[in-house]
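Geometric and topological summary
Listed here are the chains, written in short residue letters.
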Amino acid sequence: MRSLGLHAEVLPHPEIEVSGAHTSEIHDPGRWFDPGNIMLTTGLRLQGEQDLEAAAAGLAAALRRARVSALCFGLGIYFEAVPVELIEACQRADVNLLTVARDVPFSHVEKYVNALGPAAEDYGMKRAMWLTNDLLDSIASDQPIASLIQRVAANCRGAAMLYEDTGKLVESSGDGPVHLVLQAITNHGVHYEKISIGRWQVMYRTIVMRGRGYHLAIASRNEQVLGEVGDILLDTTQKMLGAIKGLQHLDASRRRHENSQLLTSLQDGIEVSRELRYWELLQPFGFEAYQPVRSVAAVVLHEGSLGPRRVETLLSSAQRAGVPLLFAENGRSNDIRAGFNALIPDTKQAVGWLAEQRENLAIGLGEASGSLSRIPELLRGAELAAKVALRDTEHEPGTEGLLLRADDLDPATWMLARVDSPLDRQRLVRFIAPLREEPELEETLIAYLALDQDISRAAAALFVHQNTVRYRIKKAAELLGGSMAEVRLVASLYLSYERQITETRNRQRTDKYK
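What comes next concerns the included structure. In this text the structure is predicted, and so the values were computed from the model without any measurement.

Section: the pairing of strand S14 (residues 361-365)
Of all the five residues making up S14, five are buried; the element is thus mostly covered by neighbouring parts of the structure. Every second residue of S14 is oriented toward a common face, with Leu361, Ile363 and Leu365 on one face and Ala362 and Gly364 on the other, all of them buried. Of the pairings in the sheet, the one linking strand S11 (residues 293-300) to S14 comprises five bridges and is antiparallel in character. Across the sheet, the residue bridging to Ala297 is Gly364, located in S14. Where S14 lies against strand S15 (residues 401-405), five bridges are found, and the strand directions are parallel. If you follow Leu365 over to S15, its bridge partner there is Arg405.

Take a look at the structure:
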């Protein structure tokens, strides 16, 4: 029939019996066909094949074993002409090969052939089953969502698009009007709609997967095709996307658990003899063996929480930046502040990525080392740096966050950050107790130490005479039983007033640039 748009390329069996016609783009089609069926394809399985000759031979052999009546190849979608390799393969396998004109929808051929068959009333059900089986094959792909959208486009003889509800294009296939479809969806703003864009007929649905909104659209220049397969394609694709997202989430959860477990093991400490084994375990996460790494300790500012969305953002941004990362969230119990620990390579790229994540975080970065057995020690350094960063930002309204390297902490700051016991803190408080009764002496002493023991600068900052500063400093030293000429006394005062000294110095610098 001329209206079917068929042309014989290879026809060794012109009188063969035909029992039905179905479209399929799956990679192992033979097992789904009944003897006598016609298979229609756009050649999607052959597109991009490195060894096209072997792929064509495999397809022809599978159709021969399944006793398929003919292979009908649609032109104008992925191929302008039937590949020579496929023609030769069908000749060798003794399989009928026909072409379908570019302006003839597969549904036209299917409807004609199946209406003549003995079970025409079951055609709709069979079509749904075939479409589902075809789309299911995409799950085995390395990029299942891209493969699924490609198959949807092939089955509607047009284009398919998946957008995030923000308007970002996730995947598309075919030459459909991608931007116009999104604009139309945005303007209509309904759950389900069928619209026209020029010569294109479009059907779409707004769906939600794992708490995120998406728009799924299919487009074809043939309205009959959408009328016959549109609902089935959208229903099946929506379910398939949900299944793929679920599998991806399960795989991500598994990898995240393995990631966290590995980091915990390293932080608990490993023997030097086991380092090679642990470097092997780190390689799937992108780390290079014996490349120096840094421990990371981060704390959320202002008693906030990290939150699942922030965790997801951290992990996804590291992946996009190509930064290897071991990550473990902490602070889910009442006695531990919210934050996370991590391990990153000591590279400019990784440290730069970490600095970009500092919003509302006090981040400590440990020293670099290529020895995994030193991770517990490196983590303690990162925690001390985070403690100092938290102290420096916690009481500053509007602070966006801070990243401090353990390498950059001076010895006094490092030692003070290690002061954890009440006994240690009480020792420092007792030392300066006599000055607590003399506020003027204490204020003058702090300003004097903060301004590098410069009498004139201290006097200017306090709006008093220089002799007043000298008198107060001398009297303060006498109350403590010493002299400001003694290094030991100055060191003890710095340790006792380190926080106030730092705040005064920062305040003076701020006033200077106003």
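Here the narrative resumes, following the displayed structure.
Examining the pairing of strand S13 (residues 339-345)
Within S13, seven of the seven residues are buried, leaving the element largely enclosed by the surrounding structure. The two faces of S13 match: Gly339, Asn341, Leu343 and Pro345 on one face and Phe340, Ala342 and Ile344 on the other face are all buried. Bridge count between S11 and S13: seven bridges; the pairing is antiparallel. Residue pairing for S13: Val293 is matched across the bridge by Pro345. With five bridges connecting them, strand S12 (residues 326-330) and S13 associate as antiparallel partners. Of the residues in S13, the one forming a bridge with Ala328 is Asn341.

Quick look at helix H6 (residues 178-188)
Residues of H6 that are buried: Val178, Val181, Leu182, Ala184 and Ile185. The buried residues of H6 occupy one face: seen down the axis, they fall within an arc of 160 degrees. In H6, the exposed residues that point more than 90 degrees away from the buried face are His179, Thr186 and Asn187.

A short note on the environment of Gln47
Inspection of the secondary structure assignment puts Gln47 in the loop between strand S3 (37-41) and helix H1 (52-65). Ignoring anything within four residues of it in the chain, the contact list for Gln47 reads Tyr78, Phe79 and Gln150.

Some thoughts on the sheet that holds S13
Consider a sheet: its strands pair through backbone hydrogen bonds, and that pairing is either parallel or antiparallel. Taken together, five strands build an open sheet; the order of strands is S12-S13-S11-S14-S15 and the sheet is mixed. Here the strands that pair on one side only, and so sit at the sheet edges, are S12 and S15. Along the sheet, successive strands turn relative to each other by an average axial angle of 15 degrees, direction set aside.

Digging into the environment of Ser373
Its location among the elements puts Ser373 in the loop between S14 and helix H11 (375-393). Overall, the relative accessible area of 22% leaves Ser373 in the partly exposed class. Each C-alpha atom of the pair Ser373 and Ser273 lies 9.0 Å from the other, and the pair is 100 residues apart in sequence. At a separation of 2.9 Å, a polar atom in the side chain of Ser373 contacts the side chain of Ser371.

Points about the sheet that holds strand S2 (residues 20-23)
In spatial order, the strands read S1-S5-S4-S3-S2; together these five strands make up an open sheet with mixed pairing. Strands with a single pairing partner mark the edges of an open sheet, and in this sheet they are strand S1 (6-10) and S2. Strand-to-strand twist in this sheet, taken as the mean axis angle between neighbours without regard to direction, amounts to 25 degrees. Bridge analysis of S2 against S3 gives four bridges, and the strand direction is parallel. Bridge assignment links Ala21 to a residue of S3, and that residue is Ile38.

Some thoughts on the pattern of salt bridges
Counted by the stated rule, this structure contains eleven salt bridges. Notably, a salt bridge pairs Asp407 with Arg294, separated by 3.2 Å at the nearest N-O pair. Here Asp407, found in the loop between S15 and helix H12 (411-417), pairs with Arg294, found in strand S11; they are 113 residues apart in sequence, far enough to count as distant. On the basis of relative accessible area, Asp407 is assigned to the partly exposed category, the value being 40%. Across the pair Arg472 and Glu440 runs a salt bridge, and its minimum N-O distance is 3.5 Å. On the criterion of sequence distance, the pair formed by Arg472 in helix H16 (residues 466-479) and Glu440 in helix H14 (residues 439-450) is long-range, its members being 32 residues apart. The buried category is assigned to Arg472, whose relative accessible area is 14%. Overlapping salt bridges bring together Arg205, Asp231 and Asp235 as one network.

Regarding unusual backbone geometry
Its identity is not glycine, yet Arg67 carries a phi of approximately 60 degrees, on the positive side. Residue placement: Arg67 occurs in the loop between H1 and strand S4 (70-74). Look at Arg67 and you get exposed, because its relative accessible area is 58%. Residues other than glycine seldom take positive phi values, yet Phe463 does so here, at roughly 60 degrees. By the secondary structure assignment, Phe463 is in the loop between helix H15 (455-462) and H16.

Re a negative patch on the surface
A cluster of acidic residues, Glu49, Asp51, Glu53 and Glu88, forms a negative patch at the surface. Topologically, Glu49 is positioned in the loop between S3 and H1.

Thoughts on the environment of His179
By the element assignment, His179 lies in helix H6. Using a relative accessible area of 69% as the deciding quantity, one classes His179 as exposed.

Some points on the packing of H1 against helix H2 (residues 84-93)
Relative orientation of the contacting elements H1 and H2 amounts to 35 degrees, with a least axis distance of 8 Å. Handedness of the H1/H2 crossing: right-handed. When H1 is examined against H2, the residues Leu52, Glu53, Ala56, Ala57, Leu59, Ala60, Ala61 and Arg64 are found in contact with a partner set consisting of Glu85, Leu86, Ala89, Cys90, Arg92 and Ala93. Within the contact of H1 with H2, the residues separate by chemical class into ten nonpolar, no polar and four charged.

Rules and cut-offs
- Residues numbered from 1 in each chain as written.
- Predicted model: local features only at pLDDT ≥ 70, side-chain atom pairs only at ≥ 80, totals over all residues.
- Heavy atoms only, no water.
- Buried < 20%, exposed > 50% of the residue type's maximum accessible area, 1.4 Å probe, protein only.
- Helix = DSSP H or I, 4+ residues; strand = E, 2+ residues; numbered from the N terminus.
- Pairing = 2+ DSSP bridges.
- Arc of directions from axis to C-beta.
- Contact = heavy atoms within 4.5 Å.
- Axes fitted to C-alpha atoms, helices over the stretch in contact; angles between N-to-C directions.
- Polar contact = N/O pair within 3.5 Å; in protein donor to acceptor, adjacent residues only side chain to side chain.
- Salt bridge = Lys/Arg side-chain N within 4 Å of Asp/Glu carboxyl O.
- Patch = residues over 30% accessible without salt bridge, like charges linked within 9 Å, V, L, I, M, F, W, Y side chains within 5 Å.
- Areas by Shrake-Rupley, 256 points an atom, 1.4 Å probe, with all protein chains shown as cover.
- Lys, Arg positive; Asp, Glu negative; His and termini not counted.
- Charge placed at Lys NZ, Arg CZ, Asp CG, Glu CD.
- Left-handed = near helix turned anticlockwise from the far one by under 90°.
- Nonpolar A, V, L, I, M, F, W, Y, C, P; charged D, E, K, R; others polar.

Any link to function would need more than the numbers given here.
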